[in-house]
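Chain and residue survey
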Amino acid sequence: MSIKQHRTIRDIPLEESLTAGTMLCAGCGGVLLVRILEKMLGPAVVTVNAAGCMSMISVYPYTPFKSSWFYVAMPSAPAAAQGIRDALDILIEKKRISREQDLKVLVVTGDGAAADIGLQSTSGALHRKLDFYYLVYDNEAYSNTGFQASGSSPYGSNTKTTSPGSMAPQGLSLDKKDLFEIWRAHRPPYIATVSPAHIADMMQKIETASQFRGPKLFIALSPCPPGWSIDSDKVIRVSKMAVETGVWPLKEAIDGRVKHTVMMRSNRRPLEEYLRMQGRFEHLFEPVLQENVLKELQKKVDDYWASVSG
Ligand SMILES: Cc1ncc(C[n+]2csc(CCOP(=O)(O)OP(=O)(O)O)c2C)c(N)n1
Ligand code: SF4
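Residues numbered from 1 in each chain as written. Chains lettered and ligands numbered in written order. Predicted model: local features only at pLDDT ≥ 70, side-chain atom pairs only at ≥ 80, totals over all residues. Heavy atoms only, no water.

In terms of regular secondary structure, the protein is built from 10 helices and 8 strands. For 310 residues, the compact-globule formula gives about 19 Å, and the C-alpha radius of gyration of the protein, at 19 Å, lands near that figure. With 310 residues in all, the protein has 52% of them scored as buried. When the accessible area of the protein is evaluated, it comes to approximately 14,800 Å², of which 55% is carbon and sulfur surface. Within the protein, the 32 negative side-chain charges are centred at a point lying 5 Å from the centre of the 36 positive side-chain charges. (Helix = DSSP H or I, 4+ residues; strand = E, 2+ residues; numbered from the N terminus. Rg over C-alpha atoms; globule rule 2.2 N^0.38 Å. Buried < 20%, exposed > 50% of the residue type's maximum accessible area, 1.4 Å probe, protein only. Areas by Shrake-Rupley, 256 points an atom, 1.4 Å probe, with all protein chains shown as cover. Lys, Arg positive; Asp, Glu negative; His and termini not counted. Charge placed at Lys NZ, Arg CZ, Asp CG, Glu CD.)

Below you can see the structure in the form of C-alpha cells.
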C-alpha cells in the first residue's frame, strides 16, 4: 500500500487547526502536538479531552477550533469517544448522515489521565477495538494541578510530591510506566511515540496510522516549561536532546511489530546533557553530584537500547 510521504516540516498542512491565543503557557509542548495532529486529521473530527491542561484550549463559549471539542472527566475520555463513535455509526446506518459526513474521533489526554486515572477506560476501548485516534501529551506529571508525580514521571525527577530531601535525595524513586508496552499488550493496529522536535516523523506516523481501523495511539513527549523548569524557547531543544540521548525512543508498532524510526544504538549523547537542561533534575548535580543516580539513569537508557533489535 503506498501512502503519502512526509519528509520535512515543509510538508505540514498550511490550513491552521488552532487559531492563536490560548490560555496555555508559552512554549507548551502539548499544544504544538495537538495543533499538528489536528492539522493532519482535518476539520472533520470530534476531539474528546480529559481534564488537564489541554482542556484550557477550548473554554465555552470560546474555542480556537473549527471542529468540535468535548470536555469530559479525567477517567473517561475513551468511554466518551466510544459513545460518540457509536452514535455516528448509528446515524450512518439509519441514513441520517452520509458516510461522507462521518467524523474522526480523537482523544487528547495528559499522561496522568492516560497512565493512571484513565488507564482502565483506555484498556476497555482497546479491548473493544474502538476506531479512534488517541494522543497522550506526556509532560511526565500532573501539570495542570501544579506538577505532582504521575505514573509517567521519570525516576530521579523533582515533582511537587517527590521533592528531594534527606530520605530521598534522588527525588522520585519509582520508574516511569511503559505505556507503549501496556498498550502493545492489547494488540491495537497502531502505536507510536512522537516528539515535537521530529514533526515530519510524527506526520508520517499519523499518515500510516490513518490506514487502519481500530485504536491508533500516539505517546508524545511534551516538555512543560514551568514543570520542567526550562525557558519557553528551549522546548524543541530539550525534545531534540531527549531523542539524541536515547531517553525518548522514536518508534512505532504496527500489529504489534516494533520498529524504531530513529535508531540511536551507538551514537547516543550522554543522558547527563538532557538532565542538565532541566530544573527538575537540578538536585542530581547541586549541591552534591549524585553520581550513583546518574549512573543508574544512564544504565536504564543503555539497557533499553541493548535490548532493541530494529
Ligand atoms: C478523578 C479526578 N482526579 C483529580 C482531578 C483533578 N485534576 C484536574 S486536571 C488534573 C491533572 C491532569 O494531569 P494530566 O492528565 O497529566 O494532564 P496535564 O495536567 O499534565 O495536562 C487533575 C489531577 C480530576 N479532575 N479528576
Ligand atoms: S503547565 Fe505545562 S502542560 Fe500545562 S499548559 Fe503550561 S506548559 Fe503546557
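Here the largest pocket defines a volume of roughly 740 Å³. What lines the largest pocket is a set of 32 residues, and nearest its centre among them are Lys 176, Lys 177, Val 247, Trp 248 and Pro 249. When residues of the lining of the largest pocket are traced back to their parent elements, those giving at least two are α3 (111–117), β4 (132–138), α5 (179–184), β6 (215–221), α9 (271–275) and α10 (291–306). Top element by residues in the lining of the largest pocket is α10. It accounts for 4 residues. Split into classes, the residues belonging to the lining of the largest pocket amount to 19 nonpolar, 3 polar and 10 charged. (1 Å grid on protein atoms, 1.4 Å probe; cavity = no way out; pocket = protein on both sides within 12 Å on 5 of 7 lines; lining within 4 Å. Points joined across faces, edges and corners; volume = space filled by probe spheres on them. Nonpolar A, V, L, I, M, F, W, Y, C, P; charged D, E, K, R; others polar.)

Structurally, the α-helix is built with 3.6 residues per turn, so residues lying three or four positions apart point the same way. Taking 1.5 Å of rise per residue, the 13 residues of helix α1 (residues 29–41) would be expected to cover 18 Å, and the 19 Å separating its terminal C-alpha atoms lies within 8% of that figure. Within α1, 11 of the 13 residues are buried, leaving the element largely enclosed by the surrounding structure. When α1 is considered as a whole, its buried residues turn out to be Gly 29, Gly 30, Val 31, Leu 33, Val 34, Ile 36, Leu 37, Glu 38, Lys 39, Met 40 and Leu 41. Backbone geometry just after α1 places Gly 42 at a positive phi near 85°. (Expected span 1.5 Å × (residues − 1).)

The next point concerns the side chain of Ser 152. Mapping Ser 152 onto the fold places it in the loop between β4 and α5. A relative accessible area of 4% places Ser 152 in the buried class. There is a polar contact of 3.0 Å between the side chain of Ser 152 and the side chain of Asp 138. Those residues in contact with Ser 152 that sit more than four places away from it in its chain are Asp 111, Ala 115, Asp 138, Glu 140, Lys 176 and Lys 177. (Polar contact = N/O pair within 3.5 Å; in protein donor to acceptor, adjacent residues only side chain to side chain. Contact = heavy atoms within 4.5 Å.)

With that settled, consider the site of ligand 1. Not every one of the 16 residues close to ligand 1 is listed here, only the nearest: Cys 53, Gly 112, Tyr 137, Asn 139 and Asn 144. At 2.7 Å from an oxygen atom of ligand 1 is found a side-chain nitrogen or oxygen belonging to Tyr 137. Notes on ligand 1: free accessible area 580 Å², of which the protein chains cover 72%. (Near = heavy atom within 4 Å.)

This part takes up the packing of aromatic side chains. All chains considered together, the criterion is met by 6 aromatic pairs. Ring geometry for Tyr 134 versus Trp 183: centroids 5.0 Å apart, planes at 75°, classification edge-to-face. Taken as a pair, Tyr 134 in strand β4 and Trp 183 in helix α5 lie far apart in primary sequence, 49 residues in all. The buried category is assigned to Trp 183, whose relative accessible area is 0%. Here the aromatic rings of Tyr 190 and Phe 218 are separated by 5.9 Å at their centres, their planes lie at 45°, and the arrangement is tilted. Of this pair, Tyr 190 sits in strand β5 (residues 190–194) while Phe 218 is found in strand β6, placing the two residues 28 residues apart along the sequence. There is no split in this pair, since Tyr 190 and Phe 218 are both buried. By way of ring pairs, the aromatic residues Phe 132, Tyr 134 and Trp 183 are connected into one cluster. Above the face of the Tyr 133 ring, Lys 216 is positioned so that its terminal group lies 4.9 Å from the ring centre. (Phe/Tyr/Trp six-rings, centres within 6.5 Å; stacked < 30°, edge-to-face > 60°. Lys NZ or Arg CZ within 6 Å of the ring centre and 35° of its normal.)

The next thing to look at is the sheet that holds β6. Strands sit in the order β2-β1-β3-β4-β6-β5-β7-β8 across an open sheet of 8 strands; the sheet is mixed. The open sheet has two free edges, formed respectively by β2 (68–72) and β8 (257–260), since each of these has just one partner strand. Neighbour-to-neighbour, the strand axes of the sheet open up by a mean angle of 15°, direction not taken into account. Of the strand pairs in this sheet, β5 and strand β7 (residues 251–254) are connected by 3 bridges, and their pairing is antiparallel. (Pairing = 2+ DSSP bridges. Axes fitted to C-alpha atoms, helices over the stretch in contact; angles between N-to-C directions.)

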